[in-house]
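Okay, here's what each chain looks like letter by letter:
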Amino acid sequence: MDFFEVLQGRKTTNGPFDPRAVSQAHQHALMEAASRAPSHFNSQPWRFVLIEDKTTISKVAQVAGASMEKLIHDGLFFERYRPYFRFSQKELEARGDGIHFDQLPGPLKPFAKQVMSPTGVGIMRNLGVPRMLGRDNHDLVAGSPLLMGVLLDKEEYKPGKLSGFYSVFGMGAAMENIWLTTHALGMGIQFISTPMEIPEMWQQLVTLLRVPDNLELMAIYRLGYAKEGNRRPSIDWSSRHRKKLSQYVYRESCDSPESDTDLSPQPAAHGIPRR
Ligand SMILES: Cc1cc2nc3c(=O)[nH]c(=O)nc-3n(C[C@H](O)[C@H](O)[C@H](O)COP(=O)(O)O)c2cc1C
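This one's a predicted model, so the numbers in the text were calculated from it and none came from an experiment.

Asks: Please explain the packing of aromatic side chains as it appears in this structure.
Replies: Any aromatic ring pair is given by two values, namely how distant the centres are and how the planes are angled relative to each other. Taken as a whole and assessed by the stated rule, the structure comprises 14 aromatic pairs. Here the aromatic rings of Phe-87 and Phe-101 are separated by 6.0 Å at their centres, their planes lie at 90 degrees, and the arrangement is edge-to-face. Of the two residues, Phe-87 sits in the loop between β2 (85-86) and α5 (89-95) while Phe-101 sits in the loop between β3 (99-100) and α6 (118-126), which places them 14 residues apart along the sequence. Each member of the pair, Phe-87 as well as Phe-101, is classed as buried. Pairing Phe-191 with Tyr-221 gives two aromatic rings, centres 4.7 Å apart and planes at 45 degrees, and the pair type is tilted. With Phe-191 in strand β5 (residues 187-191) and Tyr-221 in strand β6 (residues 215-225), the pair connects residues that are 30 residues apart, well separated along the chain. Residue classification places Tyr-221 among the buried residues on the basis of a relative accessible area of 4%. A network of ring pairs unites the aromatic residues Phe-77, Phe-78, Tyr-81, Tyr-84, Phe-85, Phe-87, Phe-101 and Trp-237 as a single cluster. Just above the ring of Trp-179 sits the side chain of Arg-10; from NZ or CZ to the centre is 5.2 Å. Directly above the aromatic system of Tyr-225 lies the positively charged group of Arg-20, at a separation of 4.2 Å from the ring centroid.

Dropping the structure here:
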């Protein structure tokens, strides 16, 4: 696959994966891709734990589902993430960021904007939405053939110190390499973020994965081979929308936004100029 096709095709997988196991060759290709990322002084502070054991996957799924249910039930999810929800195509296109919040369960549709308010949270509880979203989240994780924990070496990861920032920066680069490689291999990937929101839940995963004291568990992902024809879920984490150049690039100083006029050489078929 051409590099720019991979770049443009990379995405977050919202739906179920094909249940077949990810080959060891592909798992190692993902790890090799991670190791190619830049890191401060070539320190390579990232570590990974690959999980295929069904019992462990099922325990992670229980924690993820219970975390999602609690976050929705307590209203924390919408309180924290309200700024990222876009309620119309028009709003999405004008801003070019955030995620489209248009896939609410049927009975909630008339209350789309109110779901962020205390009244909305009450309505959701009455309709059993927390349990439903918790179950969806559980099932997605439980049905994934591969989970991956991302860790940092605490010798390098020192929050508040420059090496702490560098480590996170390098881990981001390694993760992007993995993310791109999943696409090239016909796979998909999704963050399992809900347990991170609740310290006790995160601690359960740290214990389950037997994370030693010298490592910090930073994130968990689910992976598998992509499956066609998935329906969009209630909360669609993936978005093709992006800001325009003038919304995130400046020229010479931060006083002058870059112009959106495209003066670049003939773009490639998929929109990225080759030169
Ligand atoms: C730091 C970070 C946190 C994210 N958190 C979540 C998450 O909690 N759940 C999820 O499914 N996707 C998560 N994502 C993926 C984003 O929602 C996604 O990248 C964004 O909407 C753009 O969609 P795309 O990846 O399909 O291009 C996260 C991505 C990053 C880099």
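Asks: I'm lost on the packing of helix α2 (residues 24-35) against helix α8 (residues 162-184) in this one. Help?
Replies: The packing of two helices is summarised by the inter-axis angle and the distance between the axes. Packing of α2 against α8 leaves a shortest axis separation of 7 Å and a crossing angle of 140 degrees. Seen along the crossing, α2 lies across α8 with a hand that is right-handed. Residues Ala-29, Leu-30, Met-31, Ala-33 and Ala-34 of α2 touch α8, and the partners they reach there are Ala-174, Asn-177, Ile-178, Thr-181 and Thr-182. The residue inventory of the contact of α2 with α8, partitioned by class, reads seven nonpolar, three polar and no charged.

Asks: What is the right way to read the packing of helix α3 (residues 54-73) against helix α9 (residues 199-208) from this model?
Replies: Where α3 meets α9, the closest approach of the two axes is 10 Å, and the angle between their N-to-C directions is 175 degrees. In terms of orientation, α3 and α9 fall into the roughly antiparallel class. Residues Thr-56, Lys-59, Val-60, Val-63, Ala-66 and Ser-67 of α3 lie in contact with α9, whose contacting residues are Met-201, Gln-204, Leu-205 and Leu-208. Across the contact of α3 with α9, the residue classes tally to six nonpolar, three polar and one charged.

Asks: Sorry, what's going on with the sheet that holds strand β4 (residues 146-153) here?
Replies: Within a sheet, adjacent strands bond to each other through the backbone by hydrogen bonds, running parallel or antiparallel. Across the sheet, four strands lie side by side as β1-β4-β6-β5; this open sheet has antiparallel pairing. The outermost strands of the open sheet, each flanked by one partner alone, are β1 (46-51) and β5. Averaged over all pairs of adjacent strands, the angle between strand axes in this sheet comes to 30 degrees, irrespective of strand direction. Pairing of β5 with β6 involves five bridges; the strand directions are antiparallel. Residue pairing across strands places Phe-191 opposite Tyr-221, the latter belonging to β6. Sheet contacts for α2: β1, β4, β5 and β6; angle to β1, the most-contacted strand, approximately 165 degrees.

Asks: Looking at this structure, I do not really get the pairing of strand β8 (residues 253-257). What am I missing?
Replies: Remember that side chains alternate between the two faces of the sheet whenever the strand is regular. Judged from the two bridges that link them, strand β7 (residues 250-251) and β8 form a sheet pairing that is antiparallel. Each residue of the ladder has a partner; that of Arg-251, found in β8, is Ser-253.

Asks: How should I be thinking about the site of the ligand in this particular structure?
Replies: Close contacts around the ligand come from Arg-10, Lys-11, Thr-12, Ile-99, Gln-190, Phe-191, Ser-193, Trp-237, Ser-238, Ser-239, Arg-240 and Arg-242, and that covers them all. One of the side-chain nitrogen or oxygen atoms of Ser-238 is found 2.5 Å away from an oxygen atom of the ligand. A distance of 3.1 Å is found between an oxygen atom of the ligand and a backbone nitrogen or oxygen belonging to Ser-239. Against a free-state accessible area of 620 Å², the protein chains account for coverage of 69% of the ligand. According to the grid-proximity analysis, the pocket containing the ligand is the largest pocket. The residue inventory of the shell around the ligand, partitioned by class, reads three nonpolar, five polar and four charged.

Asks: Please explain a nonpolar patch on the surface as it appears in this structure.
Replies: On the surface, a cluster of nonpolar side chains totalling about 450 Å² of accessible area is made up of Leu-162, Phe-165, Tyr-166 and Phe-169. Positionally, Phe-169 belongs in helix α8.

Asks: I would appreciate a short explanation of the environment of Ser-163 in the present structure.
Replies: Within the element layout of this structure, Ser-163 appears in helix α8. By relative accessible area, Ser-163 is classed as buried at 19%. Separated by 123 residues in the primary sequence, Ser-163 and His-40 place their C-alpha atoms 8.0 Å from one another. Those residues in contact with Ser-163 that sit more than four places away from it in its chain are His-40, Glu-156 and Lys-158. Among the polar contacts made by the side chain of Ser-163, one reaches the main-chain carbonyl oxygen of Glu-156 at a distance of 2.6 Å.

Criteria and cut-off values
Residues numbered from 1 in each chain as written. Predicted model: local features only at pLDDT ≥ 70, side-chain atom pairs only at ≥ 80, totals over all residues. Heavy atoms only, no water. Phe/Tyr/Trp six-rings, centres within 6.5 Å; stacked < 30°, edge-to-face > 60°. Helix = DSSP H or I, 4+ residues; strand = E, 2+ residues; numbered from the N terminus. Buried < 20%, exposed > 50% of the residue type's maximum accessible area, 1.4 Å probe, protein only. Lys NZ or Arg CZ within 6 Å of the ring centre and 35° of its normal. Axes fitted to C-alpha atoms, helices over the stretch in contact; angles between N-to-C directions. Left-handed = near helix turned anticlockwise from the far one by under 90°. Contact = heavy atoms within 4.5 Å. Nonpolar A, V, L, I, M, F, W, Y, C, P; charged D, E, K, R; others polar. Parallel < 35°, antiparallel > 145°, perpendicular 65-115°, else oblique. Pairing = 2+ DSSP bridges. Near = heavy atom within 4 Å. Polar contact = N/O pair within 3.5 Å; in protein donor to acceptor, adjacent residues only side chain to side chain. Areas by Shrake-Rupley, 256 points an atom, 1.4 Å probe, with all protein chains shown as cover. 1 Å grid on protein atoms, 1.4 Å probe; cavity = no way out; pocket = protein on both sides within 12 Å on 5 of 7 lines; lining within 4 Å. Sits in = over half its atoms within 2 Å of the grid points. Patch = residues over 30% accessible without salt bridge, like charges linked within 9 Å, V, L, I, M, F, W, Y side chains within 5 Å. Salt bridge = Lys/Arg side-chain N within 4 Å of Asp/Glu carboxyl O.

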